[in-house]
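Coordinates in review
Residues per chain are reported as follows:
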Amino acid sequence: MAKLDAQVAAILDAGSASDDEDALIASLEDSPALDAFREQRIQQLHSEFSRAKAQKSDGFGNYTEIKEEKALMELTTSVKFAVVHFAKDDFARCGVMDGHLEALAAKHTDTRFLKMKVDNAPFLVVKLKIQVLPCVLAFANGVSVDRIVGFEGLGYTEDTFTTKDLETRLLAAGVLQRAKAVGEASVKWGVKAQKKAESDDEEWD
């Protein structure tokens, strides 16, 4: 049995002869200690709501394509958490990754979710040694803390994974704050295994 809250226990003890449950609940609600706690919760909810609203106007909550390398470098160093997908539009697996990242971006408004086409980032491709697509880099305070190459390490098989699988990986990297993907939600964006020669997650350069 869970430990009884001290305030609740005191009210129950004081009203032990009473059969009026409503009166006990009313005295619980009248407790100044609980009023302060409720007020604290309301205040926290208000400040979190205001912060999320402000962040949304700064691009949080969206999966955004960045066209210039300089802008991408500035973004990843100016925000606390960022997830960047280096992609090529004609790669099927990059499209699969886009779907997952878009779903996570809407839920995790403390992290910027960004996409950069490799053709627009020749300097970064060399600097970050990106050779296989899709390639997802997770940044914390401007430093790369995880690299996902292809679908490696995401699902139960090398060819399928869920949004929750990706969320779990990014949570472990520390770039997401808490789990928000609801169950598996039957959102399986996996693709069937292709012949290795046709696979998108091979070297592309």
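Our subject is the structure listed above.
The structure contained in this document is the topic of the report that follows. Quick caveat, the model's predicted, so the values are computed rather than measured.

Moving on: the overall build of the protein chain. For the protein chain, the count of helices and strands is 7 helices and 5 strands. Written out in order from the N terminus, the α and β elements of the protein chain read α-α-α-β-α-β-α-β-α-β-β-α. Scored against the burial criterion, the 205 residues of the protein chain give a buried share of 37%. A separation of at least 24 residues holds for 70% of the contacts in the protein chain among residues at least 6 apart in sequence. Taken as a whole, the protein chain presents about 12,400 Å² of accessible surface, with 54% of it coming from carbon and sulfur.

Our focus in this paragraph is helix H7 (residues 163-173). Of all the positions in H7, only Thr-163, Asp-165, Leu-166, Glu-167 and Leu-170 are classed as buried. The secondary structure elements touched by the buried residues of H7 are strand E2 (81-87), helix H5 (92-107), strand E3 (112-117), strand E4 (135-140) and strand E5 (143-149). Backbone geometry just downstream of H7 places Gly-174 in the positive-phi region, at approximately 85 degrees.

Turning next to the nonpolar core. In terms of nonpolar packing, the biggest core is built from 23 residues, with Leu-72, Val-84, Phe-86, Met-116, Ile-130 and Leu-133 touching the most fellow members. Listing elements by their share of this core, those giving two or more residues are helix H4 (69-78), E2, E3, helix H6 (122-127) and E4. In terms of residue count, the dominant contributor to this core is E2 (4 residues). Listed in part, the 20 residues of the second largest apolar core include Tyr-63, Met-97, Leu-101 and Leu-154.

The geometry of H5 relative to H7 is characterised by a closest axis approach of 9 Å and an angle of 70 degrees between their N-to-C directions. With respect to H7, the element H5 is oriented roughly perpendicular. Where H5 crosses over H7, the handedness of that crossing is right-handed. Contacts between H5 and H7 pair Met-97, His-100, Leu-101, Ala-103 and Leu-104 from the former with Thr-163, Leu-166, Glu-167 and Leu-170 from the latter. For the contact of H5 with H7, the class distribution of residues is 6 nonpolar, 2 polar and 1 charged.

Each regular strand carries side chains that alternate between the two faces of the sheet. Here E4 lies mainly inside the structure; 6 of its 6 residues are buried. Taking every second residue as pointing to the same face, both faces of E4 are buried, with Cys-135, Leu-137 and Phe-139 on one and Val-136, Ala-138 and Ala-140 on the other. Sheet analysis places E2 next to E4, joined by 6 bridges and oriented antiparallel. Counted as the bridge partner of Val-84 is Leu-137 from E4.

Each value, and the rule that gives it
Residues numbered from 1 in each chain as written. Predicted model: local features only at pLDDT ≥ 70, side-chain atom pairs only at ≥ 80, totals over all residues. Heavy atoms only, no water. Helix = DSSP H or I, 4+ residues; strand = E, 2+ residues; numbered from the N terminus. Buried < 20%, exposed > 50% of the residue type's maximum accessible area, 1.4 Å probe, protein only. Contact = heavy atoms within 4.5 Å. Areas by Shrake-Rupley, 256 points an atom, 1.4 Å probe, with all protein chains shown as cover. Core = buried A, V, L, I, M, F, W, Y, C linked by side-chain atoms within 4.5 Å. Axes fitted to C-alpha atoms, helices over the stretch in contact; angles between N-to-C directions. Parallel < 35°, antiparallel > 145°, perpendicular 65-115°, else oblique. Left-handed = near helix turned anticlockwise from the far one by under 90°. Nonpolar A, V, L, I, M, F, W, Y, C, P; charged D, E, K, R; others polar. Pairing = 2+ DSSP bridges.

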